[in-house]
Amino acid sequence: QVQLVESGGGLVQAGGSLRLSCVASGRTASTDVTGWFRQAPGKERVFVAAISWSGGYFGLGDSVKGRFTISRDNVKNTVFLQMNSLQPEDTAVYYCAARSHWSGIFRVSEYAYWGQGTQVTVSS
């Protein structure tokens, strides 16, 4: 019903920046919230950021506050994750996800739709 495609990952040196994009298609009217999660090798998938389409609400995980920002392009149905001051600890597969409402944005299990992920690797 909803398809999500991430792009923008790659290899970057510590201190550098990347911007990830998530393009939504299909029945996007059924989803109001887009989130970003990441999963490093051997670790659980964790919340990074989220933004709503209807109310403009946004949230950031504690580990990325002050370094990452989330934004949206309403016309293109695209959500961006701007990542600055990247560190090796940020290395992970980054996933775009969507859900119907804002409450519970931190919970992986409550997102109905997921993209395939894009690899971000930060070298020291």
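Scroll up to find the structure this text is about.
Described in the following lines is the structure provided in the data block. For every chain, the first residue of its written sequence is number 1, and the numbers climb from 1 along that sequence. Local features are withheld for residues below a pLDDT of 70 in this predicted model, meaning they are given only at 70 or higher, and side-chain atom pairs are given and counted only at 80 or more; totals for whole chains, interfaces and linings count all residues. Side-chain numbers come from the whole structure's heavy atoms, not from hydrogens or water.

1. Details of the packing of aromatic side chains
Stacked, edge-to-face and tilted are the three classes for Phe, Tyr and Trp ring pairs, Trp counted by its six-membered ring, which pair at centre distances within 6.5 Å; planes under 30 degrees apart are stacked, over 60 edge-to-face, the rest tilted. Summed over all chains, the structure comprises seven aromatic pairs. The interplanar angle of 45 degrees and the centroid separation of 6.1 Å between the aromatic rings of Tyr57 and Trp102 together place this pair among those described as tilted. Of this pair, Tyr57 sits in the loop between β5 (46-52) and β6 (58-60) while Trp102 sits in the loop between β9 (92-99) and β10 (113-114), and the two are 45 residues apart along the sequence. Under the scheme applied here, a residue whose accessible area is under 20% of the maximum for its type counts as buried, over 50% as exposed, and between as partly exposed, the area being computed with a 1.4 Å probe on protein chains only. The exposure class assigned to Tyr57 is exposed, which follows from its relative accessible area of 53%. Through pairs of rings, three or more aromatic residues link up here, namely Phe37, Phe47, Tyr95, Phe106, Tyr111 and Trp114. A cation over a ring is seen here: Arg45 above Tyr95, with NZ or CZ 3.7 Å from the ring centre. Throughout this description, the term charge over a ring refers to an Arg CZ or Lys NZ atom that lies within 6 Å of the ring centre and within 35 degrees of the ring normal. Above the ring of Tyr111, the side-chain terminus of Arg99 is found at 5.3 Å from the ring centroid. Runs of E in the DSSP output that reach at least two residues are strands. Runs of H or I that reach at least four are helices, and both are numbered from the N terminus.

2. Regarding the environment of Val33
Mapped onto the secondary structure, Val33 falls in strand β4 (residues 33-39). Val33 sits 70 residues away from Ser103 along the chain, and the two C-alpha atoms are 9.6 Å apart. Residues count as neighbours in contact if any of their non-hydrogen atoms are within 4.5 Å of one another. Apart from the residues within four sequence positions on either side, Val33 is in contact with Ala50, Ile51, Ser52, Trp53, Ala97, Ala98, Arg99, His101, Trp102, Ile105 and Tyr111.

3. Remarks on the state of the cysteines
The criterion for a disulfide is a pair of cysteine sulfur atoms lying within 2.5 Å. Evaluated as defined, the whole model comprises one disulfide. One disulfide in the model links Cys22 with Cys96; its S-S distance is 1.8 Å. Between Cys22 and Cys96, the S-S torsion sits near -70 degrees, and that sign places the bridge as left-handed. Placement of the pair is Cys22 in strand β3 (residues 18-26) and Cys96 in strand β9, with a sequence separation of 74 residues. By relative accessible area, Cys96 is classed as buried at 0%.

4. Describing the side chain of Thr31
Position of Thr31 among the secondary structure elements: in the loop between β3 and β4. Judged by relative accessible area, which is 11%, Thr31 ranks as buried. Dropping the residues within four chain positions of it, Thr31 is found in contact with Val2, Trp53, Ala98, Arg99, Ser100 and Tyr113.

5. Quick look at the nonpolar core
Counting 27 residues, the largest nonpolar core has Leu4, Trp36, Val48, Phe68, Leu81, Met83 and Tyr94 as its most contacted members. Going through the elements one at a time, β1 (2-7), β3, β5, β7 (68-73), β8 (78-83), β9 and β11 (118-123) are the ones with two or more residues in this core. The contact partners of Leu4, leaving out residues within four places of it in the chain, are Cys22, Val23, Ala24, Cys96, Ala97, Ala98, Tyr113, Trp114, Gly115 and Gln116. To qualify as a nonpolar core, a set must consist of buried Ala, Val, Leu, Ile, Met, Phe, Trp, Tyr and Cys residues joined through side-chain atoms within 4.5 Å. By size, the runner-up hydrophobic cluster in this structure holds seven residues, among which are Val33, Phe37, Ile105 and Tyr111.

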